[in-house]
Amino acid sequence: MSQDTFLSVRGLTVEYVTKYETVQAVNGVCLDLSKGQTLGLVGETGAGKTTIARAVTRILQSPPAAVRGGEIFLDGVDLLKLPEREMCHMRGNRISMIFQDPMTALNPVMCVGNQIAEVIRKHDHVSAAAARQQAEMSLELVGIPAQRYGEYPHQFSGGMKQRVVIAAALACGPDLLLADEPTTALDVTIQAQMLDMMHRLHDLKETSTVIITHDMGVVAEMCDYVAVIYAGEIVEYGALEDVFDHAAHPYTVGLFAAIPSMWEDVARLTPIPGQPPDPTALPVGCKFSPRCAYMDGECGARPVEMKTVGPGHTCRCLR
Amino acid sequence: MIRYVFRRLALMIPIIIGVTVLVFTIIWFTPGDAAEVLAGNAPREQVEELRRLMGLDRPYIVQLGDYLYNVFIRHDFGKALVNKTSISADIVMRFPKSLIFAVFGILISVFAGIPLGVYAALHQNKTGDSLATAFSLLFVSTPGFWLALMLVLLFAYRLGWLPPYGMGGVEYWIMPVLANCFHGVAIITRQTRSSMLEVIRSDFVVMARSKGLSEGEVIVRHALPNALIPIIAVAGMNFGGMLGGGLIIEKVFSIPGIGNYLVTAVGQRDFTAVMGGVIITSLFFSLVMLAADLGMAFVDPRVKEQYSTARRRK
Amino acid sequence: MTAAKGTAAGYQRPPGGGAISAQARSSQIRQVIGRMLDSKKAVIGVTVIVLFAVLAICADFVAPYGVETMTGDIFAPPGAKHWFGTDDLGRDLFSRVICGAKYSIVLGLGATLIGAVSGVAIGSVSGYYGGPADEFIMRCIDVIQSIPGVLFNMALAVAFGGGFFNTMLALGVAQIAGTARLMRSSILNVRKMEYIDAASSINCGDWRKITRHIIPNAFSPILVRATMSVGTVIMSAAGLSFLGLGLPVDSPEWGALLSSGRDFIKKYPQMMLFPGLFLLVFVLAVNMTGDSLRDALDPKLKR
């Protein structure tokens, strides 16, 4: 943990508890992020990526979700201990979030401009007219003409809606942006536009960003650091180049092998065999061991610790 | 939007004519008629004579045509067969009472039902929710007239707090309105709870929270407006139900409203009076449903848009 | 063999609004029943209904007195001899209320069946074939539905004339419009689904599409509505009898009992209280069952 760490997540553990079962969604996740940097959280569907982001903003639906342990420091303040009122002041203002599905993330009965202006009014304590003006500027910033302020979400296309979501997230100039699969629901061409736009905005505002995705291309495009998540645990963490060029964990290696390549002419992609483990009954030792080609007796016996494999590059593997 | 309202109003004309024909036809098949009631135990010939005088012996199509002509061209519901009073005047005198009754009923239902439903949804599976759910289920299952009579038994006969029936000051209205609105409160509570539960799980509510809005702002500004659409529909239906369905309760409390009028008319086989009452009630019911539709369009821009595109297509 | 397949498929939640294969259906029904058994509401509701049904069937053996037997004990208060007391003619109220269950339950089921079967038939034709027939049916339904329900019930009941079968018929006919509209709209919903296109793409015939794909998937709202309507019909019937337009006043149907007890409410409230309570409890049980059936059929709400 270096001095200029801005966001620091320590041992975050989240469970979803229902009458019938307990899902261990996040198991002791530790993350660090410096000011102005971008971290990619990569993993399969259900690995716990979204849960981490929602735990940081404290918007998990509880019940069923329950934060069992850990600390989340933002600029030295433990968010999990903050009273709800102060947390409200954090959300949308210092921490904001971009949602995965632009189709459902906007309130269908409120015009898009007001959905942006309401964040501004809430945090900047300005008049309605000033908030409107700022919201119009935010719309322009993401490439939507200000005249469309009074239109409703159903009048926008998916990509336009995502722009609105991004505009709302950035309206108050947050210090930390959590982007939850910002491009997954979009067409490839729109994805590129969106990434380009996020790049520009990032450069403009120097916001620390966490991008959640399962798309390695997005990570390569956007991130400085990468954390690979498997079954609620970080299995590999490091700078973009280290992880991409010297993947240490068998799961990361598997992920890369499953991506179609332009340069090598392979007849078949190599999928990772097996299924992700049942999150209600996780293995004791390495969570990946049942699917791992290198598994031996030690792997399943006891929890595996993070191990340094290079400068700033850690990996949760006994190998 | 205004053109839409006019279009809907115009569409109501065939509907009301349809209602008239339908009810007229149903009544045509009803055994017995006013002549028999009036003549009492008089011999057959006398009944036939009376029937001829009242025009009840003419063929179906002639009577129907005559009736339609009178109602829709001359705007006259005619005279009651038994009491010989003007039906229009009767209705003008009685309808406001039923209307007051229904308006109070729906106001209480909405203003009690929506907060209760919201509370229940926000405290899902906790004690408050279980209580609200249990009570609304109980009152949905309680026959209104029985509840009315039980109220009479308790508050009028046992405690002597309120008059058992009749008309007069505020105290005469308390029990009828209560008996009438319990069902409505229960229905609106249930609808509010279920549509709120659906809405508060949606992404845009989570997003509203992530914007830093307080829980109250999230509910009032984002969740409730979206949950409101089915609630408005149910409230509209319910208002119509109270308008026509208060009739047993009007009977219990001897309120001289349209329901009581209809029940008496049916008993006397005075079908002209029945027709008049049913047509006016249906007309108001259609107006209320139109108001509900407009309310939905007001809340939801998507509904509004449907209307304007529908208009464009025509 | 099919059963084994069924259970295997049972673990896979059908995708949202997805098609149901023939094998999966038996397991789906089992899942719905399983979910209902999980809910206290359903268990209580069904138990009460079964209890009432048994009581109604065995009424003649359980009732301590005959329905029409005048014991000579007029207006006896509730007590050991007459649990619910006696009425103005000295008839035992407990016996009458139990026998009344038979009338009310059969009336509720019969009218619902009439309404559901005709409504489903009309709604299916209207929804599947569309065109001028659909237009005509829908305009008729519009007309019917602009008459407040209670008034329509009353008009039909008067037209059919009083009595058990006529009242049942009248209330059944009154249900048709609502059921038909619901069936039509849920068929239209299902028709839009991709699995219907998928079925067409593998050359699935009209008949097979309707019976195997559309009706099973469009049916759950109808099932819930029908369940709930048993309660509504019983309440409406009681209301009609109370007004003197349904069953005759001396029949033991609950509404008729209430009607005959009305004049004596001040002094002898037992005549109003017990039939009303039975009516309330039975309708409550029906609604509880209907509620939990709806929850069980809709996995989305359960979460």
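Residues numbered from 1 in each chain as written. Chains lettered and ligands numbered in written order. Predicted model: local features only at pLDDT ≥ 70, side-chain atom pairs only at ≥ 80, totals over all residues.

1. Some thoughts on the overall build of chain B
Consideration 1: Of the regular secondary structure elements, chain B holds 14 helices and zero strands.
Consideration 2: In sequence order, chain B lays out its α and β elements as α-α-α-α-α-α-α-α-α-α-α-α-α-α.
Consideration 3: Dimensions of chain B, computed from the C-alpha atoms along their principal axes, are close to 85 × 60 × 30 Å.
Consideration 4: Here chain B, with 314 residues, has 44% of them falling under the buried criterion.
Consideration 5: A separation threshold of at least 6 residues defines the contact pool for chain B, and within that pool the share at least 24 residues apart is 73%. (Helix = DSSP H or I, 4+ residues; strand = E, 2+ residues; numbered from the N terminus. Buried ≥ 20, exposed ≤ 12 C-beta atoms within 10 Å, placed from the backbone. Contact = placed C-beta atoms within 7 Å.)

2. Topic: the overall build of chain C
Consideration 1: Per the secondary structure count, chain C includes 13 helices and zero strands.
Consideration 2: Order of helices (α) and strands (β) in chain C, N terminus to C terminus: α-α-α-α-α-α-α-α-α-α-α-α-α.
Consideration 3: A total of 303 residues make up chain C; the buried ones form 46% of that total.
Consideration 4: Excluding contacts between residues fewer than 6 apart, the proportion of contacts in chain C whose partners are at least 24 apart in sequence is 65%.

3. Some details on the interface of chain C and chain B
Consideration 1: Counting residues at the interface gives 35 residues for chain C and 36 residues for chain B.
Consideration 2: Elements that contribute at least two residues to the side of chain C that touches chain B include exactly α6 (131–145), α7 (149–160), α10 (206–242) and α12 (270–297) of chain C.
Consideration 3: Taken together, the residues of the side of chain C that touches chain B sort by class into 25 nonpolar, seven polar and three charged. (Nonpolar A, V, L, I, M, F, W, Y, C, P; charged D, E, K, R; others polar.)

4. Side note on the domain arrangement of chain B
Residues and elements named next belong to chain B.
Consideration 1: The assigned domain composition of chain B is domain 1 (2–72) and domain 2 (87–313).
Consideration 2: The centre of domain 1, based on its C-alpha atoms, is set 31 Å off from the matching centre of domain 2.
Consideration 3: Elements supplying a minimum of two residues to the side of domain 1 that touches domain 2: α1 (2–28) and α2 (34–39).
Consideration 4: Considering every element that reaches the side of domain 1 that touches domain 2, the biggest residue donor is α1, with 13 residues.
Consideration 5: Residue composition of the side of domain 1 that touches domain 2, grouped by class: 12 nonpolar, two polar and five charged. (Domains from an automatic or database assignment.)

5. Section: the arrangement of the chains
Consideration 1: For the two pairs of chains in contact, the largest share of contacts goes to chains B and C.
Consideration 2: Nowhere do chain A and chain C come into contact; their C-alpha atoms are at least 9 Å apart.

6. Focus on the packing of α7(C) against helix α8 (residues 164–192) of chain C
Residue and element names in this part refer to chain C.
Consideration 1: Close contact between α7 and α8 brings their axes to 8 Å; oriented N to C, the two are set at 140°. The angle between the axes of α7 and α8 places the two elements in the oblique class. Here α7 and α8 pass one another in a crossing that is right-handed. Judged by residue contacts, F152, N153, L156, A157 and F160 of α7 engage N166, T167, L169, A170, L171, V173 and A174 from α8.
Consideration 2: Among the residues forming the contact of α7 with α8, the class breakdown is nine nonpolar, three polar and no charged. (Axes fitted to C-alpha atoms, helices over the stretch in contact; angles between N-to-C directions. Parallel < 35°, antiparallel > 145°, perpendicular 65-115°, else oblique. Left-handed = near helix turned anticlockwise from the far one by under 90°.)

7. Quick look at the environment of A:I234
Residue and element names in this part refer to chain A.
Consideration 1: With respect to the helices and strands, I234 occurs in strand β10 (residues 233–239).
Consideration 2: You can call I234 buried: it has 25 C-beta atoms within 10 Å.
Consideration 3: Note: C-alpha distance between I234 and P145 (89 residues apart in sequence) is 41 Å.
Consideration 4: Ignoring anything within four residues of it in the chain, the contact list for I234 reads V29, C30, A227, V228, I229 and R316.

8. Observations regarding the interface of chain A and chain B
Consideration 1: Tallying the contact residues gives 25 residues for chain A and 19 residues for chain B.
Consideration 2: Contributing elements (two or more residues each) for the side of chain A that touches chain B: α2 (84–90), β6 (95–98), α3 (102–105) and α4 (112–124) of chain A.
Consideration 3: No other element matches the four residues that α4(A) contributes to the side of chain A that touches chain B.
Consideration 4: Residues of the side of chain A that touches chain B, tallied by class, amount to 12 nonpolar, nine polar and four charged.

9. Examining helix α5 (residues 87–122) of chain B
Consideration 1: Over its 36 residues, α5(B) extends 50 Å from the first C-alpha to the last, a length consistent with the 52 Å expected when each residue adds 1.5 Å.
Consideration 2: Where α5(B) bends most, the angle comes to about 30°, and this point is B:R94, followed within four residues by the proline B:P96. (Expected span 1.5 Å × (residues − 1). Bend = angle between axes of the 7 residues up to and from the residue.)

10. Focus: the environment of A:L12
Consideration 1: Inspection of the secondary structure assignment puts A:L12 in strand β1 (residues 5–17).
Consideration 2: In this view, A:L12 contacts A:V26, A:V29, A:I52, A:A55, A:G70 and A:I72; residues no more than four positions away in its chain are not counted.

11. Focus on the sheet that holds strand β2 (residues 22–34) of chain A
Residues and elements named next belong to chain A.
Consideration 1: What the four strands build is an open sheet, ordered β2-β1-β4-β5; its pairing is antiparallel. In this open sheet, the two strands that pair with only one neighbour each are β2 and β5 (77–78).
Consideration 2: Where strand β4 (residues 65–74) lies against β5, two bridges are found, and the strand directions are antiparallel. Residue F73 lies in a different strand from β5, and its bridge partner there is D78.
Consideration 3: Contacts between helix α1 (residues 49–57) and the sheet are confined to β1, β2 and β4, with β2 contributing the most and set at about 70° to the helix. (Pairing = 2+ DSSP bridges.)

12. Concerning the nonpolar core
Consideration 1: Within the largest apolar cluster, 247 residues are counted, with the highest numbers of intra-cluster contacts made by A:I116, A:A227, B:A148 and C:I234.
Consideration 2: The element contributing the most residues to this core is helix α5 (residues 93–129) of chain C, with 14 residues.
Consideration 3: Sequence-distant contacts of A:A227, that is, excluding residues within four places in its chain, are made with A:L31, A:L39, A:L41, A:I234 and A:Y237. (Core = buried A, V, L, I, M, F, W, Y, C linked by C-beta atoms within 7 Å.)

13. Some thoughts on the sheet that holds strand β12 (residues 313–315) of chain A
Residue and element names in this part refer to chain A.
Consideration 1: Ordered in space as β6-β7-β8-β3-β9-β10-β12-β11, the eight strands form an open sheet in which the pairing is mixed. Two strands in the sheet have a free side with no partner beyond their single neighbour: β6 and β11 (307–310). The sheet shows a mean angle of 20° between the axes of neighbouring strands, taken without regard to direction.
Consideration 2: As paired strands, strand β9 (residues 225–230) and β10 are joined by six bridges and run antiparallel to one another.

14. Comments concerning the confidence of the model for chain C
All names here are of chain C.
Consideration 1: A residue-level look at chain C finds 89% of positions with pLDDT of 70 or above and a mean pLDDT of 81.
Consideration 2: Taken as a whole, residues 1–20 scores under 50 in pLDDT and shows 23 contacts with residues more than four places along the chain or in a different chain.
Consideration 3: Scored by ipTM, the complex comes to 0.86, with pTM at 0.84. (pLDDT = per-residue confidence, 0-100.)

15. Observations regarding the pairing of β1(A)
Residues and elements named next belong to chain A.
Consideration 1: Both β1 and β2 contribute to a ladder of 10 bridges, which runs antiparallel. The partner of T5 across the bridge, within β2, is S34.
Consideration 2: The turn joining β1 and β2, which pair antiparallel and follow one another in sequence, is formed by four residues.
Consideration 3: Relative to β4, β1 runs antiparallel, the two being bridged by eight bridges. Across the sheet, E15 pairs through a bridge with A66, a residue of β4.

16. A closer look at helix α3 (residues 40–57) of chain C
For the α-helix, the turn length of 3.6 residues means that residues three or four positions removed from each other point alike.
Residue and element names in this part refer to chain C.
Consideration 1: Here α3 spans 26 Å end to end across 18 residues, near enough to the 26 Å set by a 1.5 Å rise per residue.
Consideration 2: All of the buried residues in α3 are K41, A42, G45 and F52. Each buried residue of α3 sits inside an arc of 105° when the element is viewed along its axis, so together they form one side. Turned more than 90 degrees off the buried face of α3, the exposed positions are K40, V50 and V54. (Arc of directions from axis to C-beta.)

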